[in-house]
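One letter stands for each residue in the lines below.
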Amino acid sequence: MDINEIYNKLKAVFGDDIIELKTDKPVDPFIIVNPEKINAICYFLRDEESLQFDSLSCLSGVDFDKDNLASVYHLYSYALNHKLVIKAIVPKEKPELPTVSDVWATAEWHEREAYDMMGIIYTGHPDLRRILTPEDWEGHPLRKDYKVQEFYNGMKVPY
Amino acid sequence: MSELRTEEMVINMGPQHPSTHGVLRLKVVLNGEIVVEVKPYIGYLHRCFEKHCEAMTYPQVIPYTDRMDYVNAMNNELGYAIAVEKLLGIQVSERVEYIRVIMAELQRIASHLIAIGTYGNDAGAFTPFLYCFIDREKILEIFEMTCGARLLYNYIWVGGLSHDIPKDFQKKVKEFVKYFRPRIDQLNGLLSYNKIFIERTANIGILPADVAINGGASGPTLRGSGVKFDLRKNDPYSIYHKFDFDIPTGTGEVGTVGDCWDRYMVRVREMEQSLRIIEQAVDNIPEGDVFADIPKRVKPPVGEVYVRTETPKGELGYYIISDGSLNPYRVKARSPSFCNLSLINQISRGYMIADLIMILGSFDIVLGEIDR
């Protein structure tokens, strides 16, 4: 299904929670949605007969701009062979949005990674811990304003 | 002896243990010998690949991609190169595409040989391991002859290749194909249909297709569950649409669909299909210049792209955001082993601890790309 059709379909159900469709090239077209409704939107995308996005290819945390972080979802439907990119943008002061790990099990680890690297907090996640860095690491390394800690357990970090 | 008091026991497997295929720690909760829960702890090999990329120019990232799945460097480079080319909007020549496909398929065989060899080793069969490494060596020789490196090649560049193929490349590849076909049959006799090996792997770690799709499984792990899906066919990239090959899937030949043996056997059968692709490609490499399309300065316009390719482990996706400068704004690698490994708790509960080793091995994980 074409992204414009998907956009119209979502717009019909969720109204103002579907914020914007961006299709200017060479951008992969994507839809910006209201982060608070991400869980409901994902359930709809998965269960709606004509969409059937049964898998989450990739979930990435992105340092969107100076004040915002973004959680980017690359969806794919094995059943109908089509793709979709949706973005949820959250402010850096309060980077919280609901988890989608109950929709796609694979999101559990992806969300842990986004939390570890970007500091995005997924509310309702069953086990939101750091995944790649040690548990007592400070800060979120992939943020653009990240400063590496000077000492980690007595060891000098920047070499 | 009516009621014996039993307690659950927690055992740490790894981080330094041969059965975990790298530095991976599994925290296993056991009831006697039965697995109650598995919690993987990863990150021991974390090098912050994605942060490094932000300080590099686009071509400088390629050697870093080599080091993700280090037994499969060609396929890592291929996915990244395609993604950047898509951002730039350049089309590489036919000759480059043909050489890339041959390299990627040779690398797929080499990677599967490691997967199969070490899997036999996990089951206690040491001889197939050595046989696999002899054959893999022949592939590495072809790579070494072409670009001088044996493991981490930096061979596939944005817009082209680092070296053209040497004079007797085609001859060497054809010799290898001829040599390797009977070796697969030998391997089947030695390991695949070995009674002990089947006993260890059939009906173990059954992964149903719907769980696999929902859990993000890809590659042989997904196909072992009977899902006929291969990005080379279903979402073709490079020139894979030109070649004729089959997608082997798990059929439950010796057990249940989606068990460890099915995942293993998909890899063996994929090697045959890779040989078919190589055979079709090697005689048809067109003439041309492999350096002609390499851009002097890689500076993509503002935009973003998600490109996924079929590596031996599964779907490797690169999500690249460009802000119009010489360095990528964000590179995210979606590695197949990362997603496949996250399924281990779901499918290994209720099996014996010895089976857990077989289940882990059947995913063919490489920690370099899980931890990045």
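Shown above is the structure to which this text applies.
Residues numbered from 1 in each chain as written. Chains lettered and ligands numbered in written order. Predicted model: local features only at pLDDT ≥ 70, side-chain atom pairs only at ≥ 80, totals over all residues.

Caption draft 1: Just the overall build of chain A, in detail. Along chain A, the regular secondary structure elements total three helices and nine strands. In chain A, the succession of helices and strands from N to C terminus is α-β-β-α-β-β-β-β-α-β-β-β. With the principal axes as the frame, chain A shows a C-alpha extent of 55 × 30 × 25 Å. The buried share of chain A, reckoned over its 159 residues, is 40%. Restricting to contacts in chain A with at least 6 residues of sequence separation, those with at least 24 account for 47%. (Helix = DSSP H or I, 4+ residues; strand = E, 2+ residues; numbered from the N terminus. Buried ≥ 20, exposed ≤ 12 C-beta atoms within 10 Å, placed from the backbone. Contact = placed C-beta atoms within 7 Å.)

Caption draft 2: Representation of the overall build of chain B. Along the backbone of chain B there are 15 helices and ten strands. Against the 2.2 N^0.38 benchmark of 21 Å for 372 residues, chain B shows a C-alpha radius of gyration of 21 Å, consistent with a compact globule. The dimensions of chain B, computed from C-alpha atoms along their principal axes, are 80 × 45 × 35 Å. Relative to its 372 residues, chain B shows a buried fraction of 52%. For chain B, contacts bridging at least 24 residues in sequence account for 71% of all contacts bridging at least 6. (Rg over C-alpha atoms; globule rule 2.2 N^0.38 Å.)

Caption draft 3: Molecular detail of the sheet that holds strand 4 (residues 25–31) of chain B. Residues and elements named next belong to chain B. On the basis of which strands lie adjacent, the open sheet formed by three strands has the order 1-4-5 and antiparallel pairing. Only two strands of the sheet have a single partner each, and these edge strands are strand 1 (9–13) and strand 5 (34–41). Each strand axis lies, on average, 20° off the axis of its neighbour in the sheet, ignoring direction. One ladder, built from five bridges, connects strand 1 with strand 4; its direction is antiparallel. What sits directly across from Met9, in strand 4, is Leu30. (Pairing = 2+ DSSP bridges. Axes fitted to C-alpha atoms, helices over the stretch in contact; angles between N-to-C directions.)

Caption draft 4: Spatial organisation of the sheet that holds strand 2 (residues 30–33) of chain A. Residue and element names in this part refer to chain A. Read across the open sheet, the five strands follow the order 1-2-5-4-3; overall the sheet is mixed. Strands at the two margins of the open sheet, each flanked by one partner only, are strand 1 (18–22) and strand 3 (55–62). Here the strands of the sheet are splayed against their neighbours by 20° on average, with no regard to which way each runs. With four bridges joining them, strand 1 and strand 2 adopt antiparallel strand pairing. The residue bridging Glu20 from the neighbouring strand is Ile32, located in strand 2. Here helix 1 (residues 3–14) sits on the sheet in contact with strand 1, strand 2 and strand 5 (83–91), set at roughly 170° to strand 1. Running at roughly 5° to strand 3, helix 3 (residues 107–118) makes contact with strand 3 and strand 4 (68–76) of the sheet.

Caption draft 5: Seen up close, the nonpolar core. Residues and elements named next belong to chain B. Formed by 149 residues in total, the largest nonpolar core has its most connected members in Ala83, Val84, Ile102 and Ile320. With 14 residues, helix 4 (residues 94–122) is the single largest residue contributor to this core. The residues contacting Ala83, other than those within four sequence positions of it, are Val305, Val307, Tyr318 and Ile320. (Core = buried A, V, L, I, M, F, W, Y, C linked by C-beta atoms within 7 Å.)

Caption draft 6: Broad picture of the interface of chain A and chain B. Counting from both sides, the interface comprises 24 residues of chain A and, opposite them, 31 residues of chain B. For the side of chain A that touches chain B, the secondary structure elements donating two or more residues are strand 3 and helix 3 of chain A. Ranked by the residues each element gives to the side of chain A that touches chain B, the list is headed by strand 3 of chain A, at six residues. Looking at the side of chain A that touches chain B, its residues break down into 14 nonpolar, seven polar and three charged. (Nonpolar A, V, L, I, M, F, W, Y, C, P; charged D, E, K, R; others polar.)

Caption draft 7: Unusual backbone geometry, seen in detail. Phi is positive for Asn153 of chain A, which is not a glycine, with a value near 50°. Topologically, Asn153 of chain A is positioned in the loop between strand 8 (151–152) and strand 9 (155–156). For Asn153 of chain A, a count of 7 C-beta atoms within 10 Å gives the class exposed. For Asn154 of chain B, which is not glycine, the phi dihedral falls at a positive 50°. Note on Asn154 of chain B: 18 C-beta atoms within 10 Å, which makes it partly exposed.

Caption draft 8: How the structure looks around the packing of helix 4 of chain B against helix 5 (residues 127–147) of chain B. Residue and element names in this part refer to chain B. Where helix 4 meets helix 5, the closest approach of the two axes is 8 Å, and the angle between their N-to-C directions is 165°. Comparing their axes, helix 5 and helix 4 come out roughly antiparallel. Of the two possible hands of crossing, helix 4 and helix 5 adopt the one that is left-handed. Across the interface between the two elements, Leu106, Ile109, Ala110, Leu113, Ile114, Ile116, Gly117, Thr118, Gly120 and Asn121 from helix 4 touch Pro128, Phe129, Cys132, Phe133, Asp135, Arg136, Ile139, Leu140 and Ile142 from helix 5. Partitioned by chemical class, the residues of the contact of helix 4 with helix 5 number 13 nonpolar, four polar and two charged. (Parallel < 35°, antiparallel > 145°, perpendicular 65-115°, else oblique. Left-handed = near helix turned anticlockwise from the far one by under 90°.)

Caption draft 9: Structural view of the pairing of strand 5 of chain A. All names here are of chain A. Counting buried residues in strand 5 gives seven out of nine residues, a clear majority hidden from the surface. Note: strand 2 against strand 5, three bridges, orientation parallel. Along strand 5, the bridge assignment pairs Ile31 with Ile86. The antiparallel hairpin formed by strand 4 and strand 5 contains six residues in its connecting segment, where Asn81 sits at a positive phi of about 55°.

Caption draft 10: Up close: helix 14 (residues 353–362) of chain B. All names here are of chain B. Buried residues dominate helix 14, accounting for eight of its ten residues. Within the sequence span of helix 14, burial applies to Asp355, Leu356, Ile357, Met358, Ile359, Leu360, Gly361 and Ser362. Two residues or fewer after helix 14 comes Asp364, characterised by a positive phi angle close to 55°.

Caption draft 11: Seen up close, helix 1 of chain A. Under the 1.5 Å per step criterion, the end-to-end length of helix 1 of chain A is 16 Å for twelve residues, consistent within 8% with the ideal 16 Å. Once helix 1 of chain A ends, the next one or two residues include Gly15 of chain A, with phi positive near 60°. (Expected span 1.5 Å × (residues − 1).)

No statement about biological role is implied by the geometric values presented.
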